[in-house]
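Here's the letter readout for the chains.
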Amino acid sequence: MRCRGHLWDAGATIIDRHSEARDVYFVADGLVRVVNFSPAGREIAFDEVGAGGHLRDLAALDGAPRSASVVALGETRTAACAPQTFLAMLHDNPDIALRVTRALARIVRTATDRIMDLSTLDAHNRVHAEILLETRAAMTGANTAAITTIPVHSDIAARASTTLETASRVLGDLSRQGLVTRERDAMSVSDVANMAPLVEAVREQF
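Since this is a predicted model, take the numbers as computed values, not measurements.

Looking at this structure, how should I read the overall build of the chain?
A tally of regular secondary structure across the chain gives 7 helices and 11 strands. The C-alpha extent of the chain, read off along each of the three principal axes, is 55 × 40 × 40 Å. A burial count over the chain gives 38% of its 206 residues as buried. Relative to all contacts within the chain whose residues are 6 or more apart in sequence, the contacts with residues 24 or more apart total 70%. Accessible area of the chain: about 11500 Å², with a carbon and sulfur share of 54%. Charge-centre separation for the chain: the mean point of 22 positive side chains lies 2 Å from the mean point of 26 negative side chains.

Explanation requested: the sheet that holds strand β6 (residues 54-55) in the structure shown.
The strands making up a sheet associate through backbone hydrogen bonding, with each pair oriented either parallel or antiparallel. Spatial ordering of the open sheet is given by β1-β8-β3-β6, a layout of 4 strands whose pairing is antiparallel. Strand pairing shows two members of the sheet lacking a second neighbour, β1 (4-8) and β6, which therefore form its edges. Direction of pairing for strand β3 (residues 24-29) relative to strand β8 (residues 76-81): antiparallel, over a ladder of 5 bridges. Within β8, the residue paired with Asp29 across the bridge is Arg77.

Just checking my understanding: could you explain the sheet that holds strand β7 (residues 69-72) for this structure?
The antiparallel open sheet is built from 4 strands, whose spatial order is β2-β7-β4-β5. With partners counted over all chains shown, the strands left at the sheet margins are β2 (13-15) and β5 (43-50), one partner each. Averaged over all pairs of adjacent strands, the angle between their axes in this sheet comes to 35°, without regard to strand direction. Examined bridge by bridge, strand β4 (residues 31-37) and β5 share 7 bridges and lie antiparallel to one another. Bridging from a neighbouring strand, Val35 pairs with Ala45 of β5.

Before we go on, may I ask you to explain the pairing of β3 in this structure?
Two faces make up the sheet, and in a regular strand the side chains alternate between them. As judged from the 2 bridges shared by β3 and β6, these two strands associate in the antiparallel manner. Counterpart to Tyr25 in the pairing with β6 is Leu55.

Thresholds, definitions, all that
- Residues numbered from 1 in each chain as written.
- Predicted model: local features only at pLDDT ≥ 70, side-chain atom pairs only at ≥ 80, totals over all residues.
- Heavy atoms only, no water.
- Helix = DSSP H or I, 4+ residues; strand = E, 2+ residues; numbered from the N terminus.
- Buried < 20%, exposed > 50% of the residue type's maximum accessible area, 1.4 Å probe, protein only.
- Contact = heavy atoms within 4.5 Å.
- Areas by Shrake-Rupley, 256 points an atom, 1.4 Å probe, with all protein chains shown as cover.
- Lys, Arg positive; Asp, Glu negative; His and termini not counted.
- Charge placed at Lys NZ, Arg CZ, Asp CG, Glu CD.
- Pairing = 2+ DSSP bridges.
- Axes fitted to C-alpha atoms, helices over the stretch in contact; angles between N-to-C directions.

Purely spatial values, then, with no claim about function.
Below, the structure written as structure tokens:
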């Protein structure tokens, strides 16, 4: 497959949602975030994609404009191919086409969950939900977790669709309650079971 490689610095915009290009990007190394911005300029994060992932195949599949921008969270290496090349690859490789389909299914499921949270949870509970989501892959015991890739407050705010001030206030409250402790190399959650009701109790009302 004919692709063009590129190395991006942290913070670089890899894909601009206003661009008319329809190239598909593969992440060879690094981590990127799929984002959009409110009219007031607040960042809204949709997804994060690491090495082995692919980006913006929707524009190649349906020919419609891009729906979001993509920025590098650290030094990132990508490979880009033209939409015609990407579609030919899917046509000739059923296994790859199935992987792309499954990735799109994951996006739909994630979007459904986020729509539900936006509809049923207030900003404080959405921050709780984001922290609980991080604990899924960071459990160190039956009821404890250590998030080693420590999310900064602005990242949590972007993923929870709220302001930096709200995210900071909620994390401060959790810290004072002893539920979350920020250490040098990790964010520790001391009582996952006690955090979950902060979200589930609200969801069950709907």
